[in-house]
Amino acid sequence: MNSKAHVKTTINGEEMEFLCEPRQSLLEVLRDDLGLTGTKEGCNDGNCGACSVIIDNVLVNACLVFAVEIQGCRVFTIEGLASPEGLHPLQQKFLENASLQCGICTPGFLVAAKALLDHNPDPTEHEVRHWLAGNLCRCTGYDKIVRAVLKAAEVGRETTAPAGSSN
Amino acid sequence: MSNASKNGNGNGKYKVIGTRPIRHDGVDKVTGRAAYGIDTHLGGMLYGQILRSPHPYARIRGIDTSKAKALKGVRAVITAADLPPSEADEVLNLVEGSFRLKDLRSNILADEKVFYQGHSVAAVAATNLHIAEEALQLIEVDYEILPHVDDVVAAMRDDAPLLHEDLTTKEFGEDTGKNSNIASHIQFKLGDLEKGFAESDIIVEEEFETASVHQGYIESHNATAEWKTDGQLTVWTSTQGAFGVQKQTAAILGLPVSKVRVVPMEIGGGFGGKIPVYLAPQAAILSKKCGHPVKIVMTRADVFRSTGPTPSSYVKVKLGADNSGKLLAAQATIAFAAGAFPGSPVGAGAVCVLSCYAIPNGLVDGYDVVLNRPRSAAYRAPGSTQVNLAVETLMDEIAVKLGMDPIELRLLNAAEEGTRRVDGAVYPVVGCRETLEQTKVHEHYLAPLSGPHQGRGVATGFWMNAGLKSTVTANVNEDGTVNLMEGSTDIGGSRASIAMQFAEVLGLPAEAVNPMVGDTASVGYTELTGGSRVTFATGWAAYEAAQEVKKILIGKAALYWETTEDEVRFEEGDFVHSTDPEKRLTFKELAGHLVDLGGPVVGTGAVDPNSGVGGSFTTCIADVEVDPETGKIKILRFTMIQDAGTAIHPSYVEGQMQGGSVQGIGWALNEEYFYNEGRMQNASFLDYRIPTCLDVPMIETVIVEVPHPDHPFGVRGVGEASIAPPPAAIANAIYDAVGIRLHELPMRPDRVLAACLAKEEAEAATANG
Amino acid sequence: MQNFEYLAPETLSEAVNLLAGNEGQTRVLAGGTDLIVQLRQGALSADHVLDVKHLPECNELGYAPSEGLTIGAAVPCHRIYNDGAIADAYPGLIDAAAIIGGIQVQGRATFGGNLCNASPSADSIPILIAYGAECVIAGPQGNRRVAVEDFCTAPGKNILEKGELLVALHLPSVQKSSGAHYLRFIPRYEMDIAVVGAGASVQLDEGGKMFVQARIGLAAVAPTPLFAREAGQLLSGKEVSEESIETAALAAQSIARPISDMRAPADYRKHLVKVLTRRALLGAIRRARGEFVPNAVQENGQ
Ligand SMILES: Cc1cc2nc3c(=O)[nH]c(=O)nc-3n(C[C@H](O)[C@H](O)[C@H](O)COP(=O)(O)OP(=O)(O)OC[C@H]3O[C@@H](n4cnc5c(N)ncnc54)[C@H](O)[C@@H]3O)c2cc1C
Ligand code: FES
Ligand code: FES
């Protein structure tokens, strides 16, 4: 008891191993031990979504997962969203639409929005708002965030549309 | 509307101003690379935690830290005994006001008494967070519980439990010597009040109450401190003002400011709440004791219980008007709950309460009251929202009574250039009337409502905006770009709006300017980010810095062409030889020659534009639907129309208006500090209930641009005013929908329902009688 | 949070042995959305945490029209509402699954955890009661089955004995001409705890005019979720009408014993019971008649 657990996992496509105490949350391990501070902490009790990550294709709050639980899982964090070729359309649309003010909620919104578009490439405004209701933003009033997600969805649909149909 | 333009086209006068470039710090923030205060990580860092009082009011008989110190992994435990002693009358003057040093220290670590649930009592540093947490449970505090008071009206009574034995009421600036929880009573007077009411055909008067609400920024308070053996202290923190943290921390620790360097990290929201210092002194002392850097981050519950909410309030207003709707007299009594220590923004509330209208006769009394709640802090347009609810509800009542359109009523009375406010200030050019005129013709205002139990309300609000000191330093790079070092922390895109003003002067694209926020050792003195002042004042400093750069570069061009400076003109972003028009250098070309032309080009702007700050007015339209069976309110449509002066980056101006609107909506509907026996019951995001994106519609905005007459680009500042009118607009919309008037915030569903049922009963009674 | 030992058994018997045999406090972990928060706040303590997510029985999500529905105790909400057949057959379950926390919480939260946590305001319990669901419990003495309405005993307390754990929930198969609906009242539109919740399931006659039977469950109006047995029974054999629905709503209201707290005053809750019971019944009736009643995800849902 009290000894550290050895966890093997894949984070943003890279295999990783770490030691952790069972009481440490995935959020704590990502931020304090693995240096992945892009995933933010706003409440540590599941209510703000700033710590949103995707585990095995499911969107969750990293503050409500024990790090020991991710043994053998695939974890996706904000650090995995942009590729060497450039920003993800969501990131691009967030910038173009001024969807961030202080930006502390932004990684959580982006990860949550990515999970939404993976799951539903053509969401309505209501579906976007319902999906993002677990992510709090105190700065923007949400307007520009929702618009950016809707616009990124359009981009996503255009780029995956059959040749000739996109502009 | 001669002088005003709409929706941020800047009258078409500018090249960069009024455009919407991507913010300079944007990529870091969408990729997770930006380093916020909570992300600070230093080698050998220890983790700190704070022990907080479970009681609203108690005397500390003793603290035993021995068991905590003995726990494996614990490196230091501190209490108030580790702070320097305070003289009773030592005062620290900050931008936000003057505070007794004794009170500031007590708020950092309580000495004789705890004044509120959540009051900091001791602090621990340990090798990890969990050990620090365990250590807190091992600290034994012997409390003698005292009877508390947590309601502002009750706290003002003569028989209320007193918080501070040495606090006496200051009346109109004079010490009365009377021991009480009323720290001060201020008063503004204009004209002849009695005469004004005597001449009025219609008089309305009501009492209002608003609950304490929190700024609710998503990033918790944090501080990391390293106190090195050479006596030099460095603090990394999320703050609205690094120089303010430096000053407060130094004073609390009894150090000269030169010993304290504050590094402002990226900041995850503030809205006024990240001006005070809550953790830096404790982290510093812990660091000194253990010889390691110490990081402290508050839990969300601590943020709610121990950091500044906005004051709860009691406001009574009486308005008198003639039959045409012209306001003749107004009286307001305002009491603000300052929390455990004096210093609520009641002065600002007293200025704002009658600020939207030209009223010849007025009297305003304001009371700053201490009670057993956390020390209150500024929150977006501090003091304005509380008082706005009262006046704007009464304006609606007058409009209903006179059968007038509520916008017409406001236009008839709108403040304008030359209007004398009750505090004596006379307005320069302001945009109150312009926002109302835009509202009157807005498609939203003209659109019909679409169903039963729906209603529309409007309200107008005001914030005076601040000026204050700012510094910007510009360094020209060889490749034609400019590094801009500024002292204002960037909470919402201000790097971009400052860089754009700099770029405008020199005809550069916004992207050629690289704005950076400096720490207290690398940039000139700059006051806090807040009060809607950054784009205004730091932007002004950037303008001055650009002017200096231009002047120096003209000299360099002269040197290059081996001529005199008066032969060189700056034209459309190029340097031109006046007599030999063939000779023309772009900014970039000239910068490329700098190495050969005597080296570095540095421009500095240091400003203190205290006079002539032009306030910002805003009007909003709210459509609501009331569920008459449950009292639940749905916001159907919402529009904010604000005078921003010149909008530098319209997207971020809209963003401020939208953010303020939604905060105002939260305050109106659900947000409150819910107390039971002096203890906050709902200290989590779950139960504090800030709006989610499902609670609000798109927020429509109209930027009205009435340029500030003195600012080089006509900037006014936009951040604050938009929070003030939403509660009143929603209250008026509820009245329009179901015929009830609520006088208390938040307008929770149970209150709406109770009022609906009471109205039905009253109607039934009249029908039967 | 004190440190603990993390256990991830892969068979049910191993799990039961660990639960029965361990010294100190062993806490069962499903999605952790209650447990982790409570451990962190110090409201609960644990020497061992036993994760049920590796137990095959707990991961089962099985539906057959003739057999009914089995929801393993480790099945998170998102799996339930993303299953089209289940969503069609048990729309009332989806009403609840789609509002427990936000999408992130639904990625982890289970109905089993919602039930075992035994909060009076738990959103899944009223509709499970309305559907007549049973708990499948494993323990050192073997398996037992208990009706959901008999499972919670007090706030945070349930009937599980040392060594026992919840394996699954079982819902009977759906009758013809039946429908169910859950709704709750919250001051916001998401991310809130029920001020009052009401779940109803009804079976109508073939013409959709008469009630064959009805069951009603209530949340946040008593120390445990309530089965408003009589309110439902009053409807059996009655015509579907405003009066009969009102009678049932009043009967439900009469058994509510709410408290006042930060989430709402008691008298307000009492008032809401009637309104929500009526609305839940109306939604259930419409669904029984084949009409569309949106859940929170669907447009106009709320
Ligand atoms: C942000 C947030 C919002 C929420 N919103 C809602 C809401 O809207 N409505 C609502 O009802 N709830 C809500 N909850 C509470 C919680 O999400 C639900 O109760 C959830 O269903 C719990 O399921 P879980 O799998 O996460 O349970 P866990 O946390 O894993 O377990 C809950 C409890 O049950 C016990 N337990 C779990 N599984 C078993 C088992 N198989 N056998 C025996 N004991 C077991 C655990 O030991 C623990 O005591 C919210 C929680 C959060 C953090
Ligand atoms: S930090 Fe995890 S939800 Fe807020
Ligand atoms: S941008 Fe600040 S919280 Fe969203």
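Residues numbered from 1 in each chain as written. Chains lettered and ligands numbered in written order. Predicted model: local features only at pLDDT ≥ 70, side-chain atom pairs only at ≥ 80, totals over all residues. Heavy atoms only, no water.

The next point concerns the site of ligand 1. With respect to spatial proximity, 33 residues lie near ligand 1, and among them C:Val28, C:Thr33, C:Asp34, C:Thr110 and C:Asp123 are the closest. Residues near ligand 1 are shared among chains A and C, making this a multi-chain site. Take C:Gly31: an N or O atom from its main chain is 2.7 Å from an oxygen atom of ligand 1. C:Asp34 is positioned with one of its side-chain polar atoms (N or O) 2.5 Å from an oxygen atom of ligand 1. Considering ligand 1 on its own, with 980 Å² of exposed area, one finds that the protein chains cover 94% of that surface. Among the elements of the structure, strand S2 (26–29), helix H7 (111–117) and strand S10 (165–171) of chain C are those that each provide at least two residues to the shell around ligand 1. The leading source of residues in the shell around ligand 1 is H7(C), at four residues. (Near = heavy atom within 4 Å. Polar contact = N/O pair within 3.5 Å; in protein donor to acceptor, adjacent residues only side chain to side chain. Areas by Shrake-Rupley, 256 points an atom, 1.4 Å probe, with all protein chains shown as cover. Helix = DSSP H or I, 4+ residues; strand = E, 2+ residues; numbered from the N terminus.)

With that out of the way, let us pick up the sheet that holds strand S12 (residues 196–204) of chain C. Hydrogen bonding along the main chain pairs the strands of a sheet, whether they run parallel or antiparallel. All names here are of chain C. The strand order across the open sheet formed by four strands is S11-S12-S13-S14, and the pairing between neighbours is antiparallel. The outermost strands of the open sheet, each flanked by one partner alone, are strand S11 (178–185) and strand S14 (226–227). Where S11 lies against S12, eight bridges are found, and the strand directions are antiparallel. Counterpart to Tyr182 in the pairing with S12 is Gly199. (Pairing = 2+ DSSP bridges.)

Attention now goes to helix H2 (residues 89–96) of chain A. Turning to H2(A), its buried residues are A:Leu90, A:Gln91, A:Lys93, A:Phe94 and A:Leu95. Its buried side turned inward, H2(A) meets helix H3 (106–119) and helix H5 (143–160) of chain A together with helix H1 (26–31) of chain B. A:Ala98 lies just past H2(A) and shows a positive phi near 50°. (Buried < 20%, exposed > 50% of the residue type's maximum accessible area, 1.4 Å probe, protein only. Contact = heavy atoms within 4.5 Å.)

Quick look at the packing of H2(A) against H3(A) now. All names here are of chain A. Contact geometry of H2 with H3 gives a least axis separation of 10 Å together with a crossing angle of 130°. Between H2 and H3, the interaxial angle falls into the category oblique. Relative to H3, H2 is oriented so that their crossing is right-handed. Residues Leu90, Gln91 and Phe94 of H2 pack against Thr106, Phe109, Leu110, Ala113, Lys114 and Leu117 of H3. A per-class count over the contact of H2 with H3 returns six nonpolar, two polar and one charged. (Axes fitted to C-alpha atoms, helices over the stretch in contact; angles between N-to-C directions. Parallel < 35°, antiparallel > 145°, perpendicular 65-115°, else oblique. Left-handed = near helix turned anticlockwise from the far one by under 90°. Nonpolar A, V, L, I, M, F, W, Y, C, P; charged D, E, K, R; others polar.)

Next up on the list: the pattern of salt bridges. Scanning the entire structure with this criterion turns up 75 salt bridges over all chains. The salt bridge partner of A:Arg23 is A:Glu21, with a shortest N-O separation of 2.6 Å. Here A:Arg23 falls in the buried class, since its relative accessible area comes to 5%. In this structure A:Glu21 comes out as buried when scored by relative accessible area, which is 12%. Between B:Asp574 and B:Arg584 there is a salt bridge, with its nearest N and O atoms 3.0 Å apart. Placement of B:Asp574 in strand S28 (residues 574–577) and of B:Arg584 in strand S29 (residues 584–586) is noted, with a sequence separation of 10 residues between them. (Salt bridge = Lys/Arg side-chain N within 4 Å of Asp/Glu carboxyl O.)

Moving on: the interface of chain B and chain C. Taken together, the contact between chain B and chain C spans 24 residues of the former and 22 residues of the latter. In this assembly, chain B and chain C are joined by five salt bridges. When the shortest N-O distance is used, the salt bridge between B:Asp627 and C:Arg279 registers 3.0 Å. Summed over the shared surface of chain B and chain C, the number is 15 residue pairs in polar contact (both at pLDDT 80 or more). Listed by contribution, the elements that provide at least two residues to the side of chain B that touches chain C are helix H4 (129–138), strand S32 (633–643), helix H19 (685–688) and helix H21 (749–768) of chain B. Split into classes, the residues belonging to the side of chain B that touches chain C amount to eight nonpolar, six polar and 10 charged.

Once that is clear, we can look at the pairing of strand S8 (residues 120–126) of chain B. Residue and element names in this part refer to chain B. Most of S8 sits inside the fold, with seven of its seven residues counted as buried. For strand S2 (residues 46–52) and S8, the ladder comprises six bridges, and the chain directions are antiparallel. Across the sheet, Arg52 pairs through a bridge with Ser120, a residue of S8. Pairing of strand S4 (residues 74–79) with S8 involves five bridges; the strand directions are antiparallel. Across the sheet, the residue bridging to Thr79 is Ala122, located in S8.

Let us now look at the sheet that holds strand S21 (residues 327–339) of chain B. Residues and elements named next belong to chain B. Strand order in the open sheet formed by eight strands is S11-S10-S12-S22-S21-S20-S13-S36, and the pairing between neighbours is mixed. Of all strands in the sheet, those bounded by a partner on one side alone are strand S11 (174–179) and strand S36 (744–745). The pairing of strand S13 (residues 202–210) with strand S20 (residues 313–321) spans nine bridges and is classified as antiparallel. Considered in S20, the bridge of Ile202 is made with Ala321. Here helix H11 (residues 384–402) sits on the sheet and contacts S13, S20, S21 and S36; the angle it forms with S13, its principal contact strand, is near 145°.

The next subject is the interface of chain A and chain B. Contacts between the two partners involve 50 residues from chain A and, on the opposite side, 57 residues from chain B. Here chain A packs against chain B, burying approximately 4,300 Å² in sum over the two surfaces, 59% of which is carbon and sulfur. Per-residue buried area on chain A facing chain B is highest for A:Leu95, A:Gln101 and A:Arg138; these three make up 19% of the total on that side. Applying the counting rule to chain A against chain B returns five salt bridges. One salt bridge connects A:Arg138 with B:Glu671, and the closest N-O pair in it is separated by 2.7 Å. Linking chain A with chain B are 24 residue pairs in polar contact (both at pLDDT 80 or more), by the criterion used here. Of all the secondary structure elements, the ones that give two or more residues to the side of chain A that touches chain B are helix H1 (26–33), H2, H3, helix H4 (125–131) and H5 of chain A. Sorting elements by how many residues they give to the side of chain A that touches chain B places H2(A) first, with five residues. Grouping the amino acids of the side of chain A that touches chain B by side-chain chemistry returns 20 nonpolar, 14 polar and 16 charged. (Buried area = accessible area lost by both parts, 1.4 Å probe.)

Time to look at the environment of B:Met464. Take B:Met464: it is sitting in the loop between strand S23 (454–463) and strand S24 (470–476). Residues B:Met464 and B:Leu286, spaced 178 residues apart in sequence, show a C-alpha to C-alpha distance of 40 Å.

Right, let's get into the environment of B:Thr65. Mapped onto the elements, B:Thr65 comes out in the loop between strand S3 (58–64) and helix H2 (66–70). A sequence separation of 58 residues divides B:Thr65 from B:Ala123, and the C-alpha atoms of the two residues are 10.0 Å apart.

This part is about the pairing of strand S18 (residues 294–297) of chain B. Residues and elements named next belong to chain B. Relative to S18, S2 runs parallel, the two sharing three bridges. Considered in S18, the bridge of Gly48 is made with Ile296. Note that strand S15 (residues 222–227) and S18 share four bridges and pair antiparallel. Paired with Ala223 across the bridge in S18 is Ile296.

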